[in-house]
Structures are given as C-alpha cells and as structure tokens.
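# Summary of the model geometry
This is what each chain is made of:
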Amino acid sequence: MSFPEHPNTPGGPNGNGVHGRARILTLPLVLAAALSLLAAGREFTSFDSVKPILNAQRAQAPAELKGADAPQWLAWARRRDQAIRARLEQGDLDSMVNLLLSGTSFTQRPRIPMEGLTEASKSGVLKARVDDLVAGLRSPGDNERLLFLRRLLHSQGIDPEAAEGPRQSGVFILKNLLRVAEERKTLAARAAEVDRREPPDDPASLLDRSSFFQDRGLSLDTGIIPNFSIEQTMRDLKARGVLREGQVARVAVIGPGLDFIDKNEASAYDYYPQQTLQPFALYDTLIRLGLAKPNALALSILDISPRVLEHIRHARERAAKNTGYVLQLPRDVARPWPPALIAYWRALGDRAGSDVAPIRPPEIFGGMETRAVRIRPDVVLACDPADLDIVVEHLDLAAADRFDLIVGTNIFVYYDAFEQSLALENVAAMLRPGGLLLTNDRLPEAASGSLRLAGVTVVPFDAPGASVHLAVGWYRKQ
Ligand SMILES: C[S@@+](CC[C@H](N)C(=O)[O-])C[C@H]1O[C@@H](n2cnc3c(N)ncnc32)[C@H](O)[C@@H]1O
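Quick summary incoming for the structure in this document. (Residues numbered from 1 in each chain as written. Predicted model: local features only at pLDDT ≥ 70, side-chain atom pairs only at ≥ 80, totals over all residues. Heavy atoms only, no water.)

Right, let's talk about the packing of helix 3 (residues 70–102) against helix 6 (residues 144–155) for a bit. It is the contact of helix 3 with helix 6, at a shortest axis distance of 11 Å, that shows an interaxial angle of 130°. With respect to helix 6, the axis of helix 3 lies oblique. Once helix 3 is placed against helix 6, the crossing between them reads as left-handed. Within the contact between the two elements, helix 3 uses Glu89, Asp92, Leu93, Met96 and Leu99 and helix 6 uses Arg145, Leu146, Phe148, Leu149, Leu152, Leu153 and Ser155. Class assignment for the residues of the contact of helix 3 with helix 6 results in 8 nonpolar, 1 polar and 3 charged. (Axes fitted to C-alpha atoms, helices over the stretch in contact; angles between N-to-C directions. Helix = DSSP H or I, 4+ residues; strand = E, 2+ residues; numbered from the N terminus. Parallel < 35°, antiparallel > 145°, perpendicular 65-115°, else oblique. Left-handed = near helix turned anticlockwise from the far one by under 90°. Contact = heavy atoms within 4.5 Å. Nonpolar A, V, L, I, M, F, W, Y, C, P; charged D, E, K, R; others polar.)

Pasting the structure below:
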C-alpha cells in the first residue's frame, strides 16, 4: 500500500455568515471572528463527553483511565497533552535527517534516497553530506533551516562550533539517521501488511490508515497534494448540494504544517524559504468555488507547533505592514501528475493573490516548472493562529462563533484510535450543527458523539505509471 504522505462555512446560525452577537455586528466579519477567537478560551474535553467513549472503548483506552473520575481524567489529559507536544522534537530531528539526505542549500553532493543509503555509505557520499551539513551548522549564514537545526542541536547540549562540536554533531546526525532508517523499515512492513488485505469495495476504506504514524515524531511536512484533494472534495460537495454558494464564513484548519523539507524525496525542496500552504490554499478554493464571499471569510489556524504558529504570526505582522506572503510552487515535470492536479497547480492562489517571479531552483533539479504567487495581506490577516491540541482540547466557542467547516489532513494518522475518538469529540464541540469536518482519515465514531461520516470523495490520481486514489471523508455535525 502506498500512502501518499499528502494524499491527499456556511455562516453563523442565520446562515449568511453574519456574526450573531450584536456588539460586533458593525465590524467586518474577519475582524469580528478574530476578536471572538481571542476571547475564546481553550478547554480540555469534558469528562461528561469522554465517559461514553471510555465505556465504549474499554479495550483501546489507556489502563490508567479504567474507572477514572473527572479529576483523574483531567490529570491524564494534561499529561497526554505534554506527551503529544514532546513528540514535536522527534519530528524536528526527522526533518534534520530529511535535510541531510535531500537538502541542496548546504551542499552540492548528490541527494541520497533512503533505499540508496548503503551505496551512499560505501561510496563516501553519505560521509561527505554529513561533513557538509556539520560545516553548514558551524557557519549557517542566513540559511533559516541551518539556523533552526543549530538551535535544535544546542537544545541537545551540542555546540557545533565547540572544539568537539563537529564530531558530536556528526555522531548525533548519524544516530538520528539510523533511527529514521529503522523506523521507515517498520512503516514499510506495516504498509505491506495492510497491502496483503483484500481491498474492500467500500470507498470509505480508503480512509483506513490505521493510526499508521502513531509511534513516530510529529512531522510538519506539507505540500500541494492535500490541498488539491480538498479542492476536489469541495467541488464534489458543491455539485451534490452539500455545500452551497456563499455559505462558508468561519473555517478552521487543524495542523496546516510547515514545508521545511519533505520526507518524500520527490517533493523535498529547501531552495525557498519555509512556507505554509493550507490556510491560503483553502481560502483560494473557497472563493474560487463561490462557497465563501471575499472579505467575509475568517480562518482559525489551530496547531500545537510553536514553529507553525510563530510562522503565521510573523506573516501576519508583515501583512499588517501591507506585505504579502509569497508561496513557491515547484513542479517536477519528470514526475507525472494527473491533468486535474496540473490545472489546480496552475490556478492555485489566483483568488488569494497574484503571480510573481518564482525563485529559480538549483541546477540539480533539471526539468522543473515553477510558479510563485504573492498572497494578499488581507488574506493573510484573515488567518488567525491559535495554540490548540485537538486530541485533548477545543476552543470554548459560543454557538454563534462555531465553525462551518474544519479541515484536518495528515494529522489524525499520528494518533491511536482512542486519541482519534477524543479528537473527533473536540472537533464536534467547535462545529455548528450541519458543519463539516474534512479529513483523509477514518475516525472512530462514538455512539454518543455528534459527528458522523456522511460521505467520502474519492479523488483519482491517475498519471502515467501511477494509479492511486486519494480520499477525503466528510463528517457532519448532527
Ligand atoms: C504532517 S503535518 C500536515 C500538514 C497539512 N495539514 C498537510 O496535510 O499537508 C501535521 C500538522 O498537524 C499538527 N499537529 C499534530 N498533532 C496535532 C495536535 N494534536 N493538535 C493540533 N495540531 C497538531 C502538526 O504540528 C503539523 O502542523
């Protein structure tokens, strides 16, 4: 089974996107939404909503929660929140390994695919790349990825510039490479196991990714493909009459990610500044499809990663000074894309900004087509970041402030079935009745819960030499 890593609001209660509270009726909706988000506190999933899940999932629920009362539940939720956030560091270390193997900003040596590791080790290419990375960490210049990794090494007690620094850094990088290589073997075995199963006819089975990444670090990787799947899904929802014109006003993106360098060599680039795509791509899609009205669309960006949140805050600061946000959109023509994806790539951003000259990729990437689009400051300012762990927390929103649409792709696959049930409960608490969650994972529905899988959009991904399907499930709040 191949899991492409990235396969992948109707208004308030009155349905017209006008905020319900009189005191802010006169403010533009985007500002009103930002205000209400600021005012909204975070809260842990209530024990009342967790109890039925604990009863129904006795086998999957953690042993410490057997017979738990409300204070024990809250104590567990706090501990789990910390444990979840701690997984971000391992994701960062994985990114260091991805940069070692595929980065081009600190070295001219050939890139190393994971399956070519032994050969690269024998030929000396691996050692040369490690040496170049360590040299880069000692003198990072203004390379933001190297600067970040330097801080990461410092947090591990390693100073690349100290006398012993180069040796310690090299050992640390190689140890992490070995860990990641082992982990990939385990994941490949898991995928082969899933592959051996008879494929069921049910399209929803495409969402069964079985908590595939539940024991790995939390990655921030992101790219164009999940946004393509979401646009195709929203076209489908519009055609079916599930979503109507101008209906969407309040949206949340859970876990937009940050493109540092992808784990998948085919889309691993570090020649442009780190970027996030999903909030801007979603805005673009909603306007393109007429599902939302320009200037009447507010997006809450919910994440636990300080890097993601800081990145968006920084973009907003620049937008407040009227500077847009530039997205680089590379396309390797040697890797076939279906025509619909190429059409999406060509249009991406045209409702949220305008084309600018793209950064030229380094020579090593022959045959690349590139685009870049500058997202307008008003669009950036419509995106409001907030720290939230969707597994154990939700925003405490007044009924009139709840979301019409929540998008979360390539996030729930990092959690086990019990955590997924909790996440579904938290999503439900933030959606208005009839509101939708779009995700590329099947989530366990509690009998007591209010979110139900209402349908699945299957997005064919047929290109010469490749035929897979991406799928997005739509969960509707009862
Ligand atoms: C692999 S990235 C996916 C990015 C993007 N959605 C996509 O599909 O390309 C996962 C994102 O989810 C965020 N994330 C992971 N666990 C989370 C949690 N419990 N609550 C909120 N955000 C979470 C990560 O920080 C990261 O931004």
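After presenting the structure, the write-up continues.
Looking now at helix 2 (residues 47–56). Buried within helix 2 are the following residues: Phe47, Ser49, Val50, Ile53 and Leu54. When helix 2 is viewed along its axis, its buried side chains cluster within an angular range of 150° and face the same direction. For helix 2, exposure combined with an orientation more than 90 degrees from the buried face picks out Asp48 and Ala56. Where the residues of helix 2 are buried, they touch helix 3 and helix 13 (417–430). (Buried < 20%, exposed > 50% of the residue type's maximum accessible area, 1.4 Å probe, protein only. Arc of directions from axis to C-beta.)

A few words on the nonpolar core. Core analysis: the biggest nonpolar cluster contains 105 residues, and Met234 and Leu286 have the highest contact counts within it. At 7 residues, helix 13 tops the list of elements feeding residues into this core. Lining this core are residues from two domains, each supplying at least three of them: domain 1 (22–48 + 208–477) and domain 2 (83–196). Among residues more than four places away in sequence, those in contact with Met234 are Leu243, Leu282, Thr285, Leu286, Leu289, Leu291, Leu405 and Leu438. Of all hydrophobic cores here, the second largest spans 30 residues; its members include Leu99, Val130, Phe148 and Leu149. (Core = buried A, V, L, I, M, F, W, Y, C linked by side-chain atoms within 4.5 Å. Domains from an automatic or database assignment.)

These figures come from the coordinates and say nothing about function on their own.
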